[in-house]
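# Structural characterization, general
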Amino acid sequence: MVLDKKKKVVLAYSGGLDTSVAIRWLQEEFNAEVYAVTLDMGQGKELEEVQKKALAVGAKEALVFDVREEFLNQYVLPALWAEAIYEKKYPLATALSRPLIAKYLVKVAQERGATMIAHGCTGKGNDQVRIEVSVSALAPELEVIAPARVWKWSREEEIEYANANGIPVPVTTESPYSIDQNIWGRSIECGVLEDPWVEPPEEVFEWTKDLRDTPDQPTYLEIGFDQGIPKMLGGQYYSLLNLTEELNRIGGEHGFGRVDHVENRLVGIKSREIYECPAALILLEAYRDLENLVTPREVTHFKPYLEERYSQLVYEGLWFSPLRDALDAFMEKIACRVTGVVRVKLYKGNLSVVGRKSDYSLYDFGLATYDKEDMFDHRSSEGFIKLWGLPTRTSAIVYRKK
Ligand code: ARG
């Protein structure tokens, strides 16, 4: 007797309608056994419910992994050192999570002997690229399928399919927004946000307060870094996880961390996205300030070129690439020096760095001061200016003659 061997497919499962429908669709289309994988990256959602739903819809197994620490240590921290912000606005929360999702999909596929990976991305976004390129970097032999890119259903057709197959469709009028969130930030798009002229309605924000409801007194925070790793808040030791959660909370209290960005997607279109990312923006700002204090001018001036390139490669799905590896080595070399404390002030949606100190500070009071302790040799500037200005002077003399 020939047994009909089932194809094993590992699906990135969020618990939403699309990926629930995908479980059934994959079963029908490929006679597949579906392994649903869900990661806890600090999105603050009850994942037990998600797991139950995957099984109820028909998944063979539903696996949940708590990867919050791994996400922060292996993905967010390198991005912090690289001061990764796409197009000077977006700290890449969603983009950074995709390679880690891919890593777990591959891990489960290898453990279960699956030959196919599936995800719920559409054909228009960046996330399909990030997941698929990451999978191909880690396990080029695996096939990848994106059901939503194949079935091409309208919303109504999808709901019809769900109803016909006993897949629960949320009864409450669903939010018009598409939201993705993890500990590093919250991304919101669709609905009225698709008109870039329309101000984001207050309802899209969940982590950050309306400025009318924020405290009338500022909050001062002292953030301590040890070799690039944020470790202390107000003199107390924190795990990176607790520290990030705390900064999201305090920043959000003060209405800090909102970003409104018309961004350039990898697939060529411009899209408007709203972000809430208080902790990310606080840490990035504090890190930059302290790094500047402890590194010489050449580093301060050169590093931004690499930061921009780094941000771009993360956005464009090239996390698992030799370029990222090499850039990480550069960033880590500098992070080693970033030890010290940064004092920031949060008030009415604003963040200001108001103080910084470090045992490795290159700030020399004797050189900088204008009062009597001044140690700077003013006379040495005369010769310096002559040589520094020599090319300009030479050029001016020649051109005047002509
Ligand atoms: N635009 C962001 C990116 O490409 C976020 C994408 C997901 N956004 C969402 N609201 N589901 O990284």
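Before reading on, note that the structure itself is shown above.
Fair warning: this is a prediction, and the values are worked out from it, not measured in the lab.

Among the 16 residues in the neighbourhood of the ligand, the closest are listed as Y90, N126, S178, E263 and E273. In this structure, a nitrogen atom belonging to the ligand sits 3.3 Å away from a main-chain N or O atom of S187. Side-chain polar atom of Y275 to a nitrogen atom of the ligand: 3.0 Å apart, as the coordinates give it. In isolation the ligand exposes 340 Å². Once the protein is present, 93% of that is buried. Among the elements of the structure, α4 (93-112), α5 (127-138), β6 (178-182), β7 (185-189) and β12 (270-276) are those that each provide at least two residues to the shell around the ligand. For the shell around the ligand, the class distribution of residues is six nonpolar, four polar and six charged.

By the definition in use, this model includes 15 aromatic pairs. Here W25 and F30 contribute two aromatic rings whose centre-to-centre distance is 6.3 Å and whose plane-to-plane angle is 80°, an arrangement assigned as edge-to-face. Taken together, a centroid distance of 3.6 Å and an interplanar angle of 10° make the contact between Y86 and Y315 stacked. Residue Y86 is located in the loop between α3 (68-81) and α4, and its partner Y315 is located in helix α10 (residues 297-315); the two are separated by 229 residues in the primary sequence. Accessibility classification places Y86 together with Y315 in one group, the buried group. A connected cluster of aromatic rings, assembled from ring pairs, spans W25, F30, W151, W153 and Y161. Directly above the ring of F205 sits R258, whose terminal nitrogen or CZ lies 3.6 Å from the centroid. Above the ring of W319, the side-chain terminus of R324 is found at 4.0 Å from the ring centroid.

Bringing the pattern of salt bridges into the picture now. Side chains that carry opposite charge are capable of pairing whenever their charged atoms lie near each other. Scanning all chains against the criterion turns up 34 salt bridges. In this structure, R98 engages D127 in a salt bridge whose closest nitrogen and oxygen atoms are separated by 3.2 Å. One end of the pair, R98, is in helix α4; the other, D127, is in helix α5, and 29 residues separate them in sequence. The class for R98 is buried, based on a relative accessible area of 11%. Residue D127 is classed as buried on the basis of its relative accessible area of 17%.

We now examine the sheet that holds β6. On the basis of which strands lie adjacent, the open sheet formed by four strands has the order β6-β7-β12-β11 and antiparallel pairing. Each of the sheet's edge strands pairs with one partner strand only, and the pair in question is β6 and β11 (258-264). Across this sheet, the average inter-strand angle for adjacent strands is 25°, counted without regard to direction. Of the pairings in the sheet, the one linking β11 to β12 comprises seven bridges and is antiparallel in character. Of the residues in β12, the one forming a bridge with V259 is Y275.

This brings us to α4. Here α4 is 20 residues long and its end C-alpha atoms lie 29 Å apart, about the 28 Å a rise of 1.5 Å per residue gives. Among the 20 residues in α4, 15 count as buried, and that is most of the element. Two residues or fewer past α4, G113 is found with a positive phi of approximately 70°.

Calculation criteria
- Residues numbered from 1 in each chain as written.
- Predicted model: local features only at pLDDT ≥ 70, side-chain atom pairs only at ≥ 80, totals over all residues.
- Heavy atoms only, no water.
- Near = heavy atom within 4 Å.
- Polar contact = N/O pair within 3.5 Å; in protein donor to acceptor, adjacent residues only side chain to side chain.
- Areas by Shrake-Rupley, 256 points an atom, 1.4 Å probe, with all protein chains shown as cover.
- Helix = DSSP H or I, 4+ residues; strand = E, 2+ residues; numbered from the N terminus.
- Nonpolar A, V, L, I, M, F, W, Y, C, P; charged D, E, K, R; others polar.
- Phe/Tyr/Trp six-rings, centres within 6.5 Å; stacked < 30°, edge-to-face > 60°.
- Buried < 20%, exposed > 50% of the residue type's maximum accessible area, 1.4 Å probe, protein only.
- Lys NZ or Arg CZ within 6 Å of the ring centre and 35° of its normal.
- Salt bridge = Lys/Arg side-chain N within 4 Å of Asp/Glu carboxyl O.
- Pairing = 2+ DSSP bridges.
- Axes fitted to C-alpha atoms, helices over the stretch in contact; angles between N-to-C directions.
- Expected span 1.5 Å × (residues − 1).

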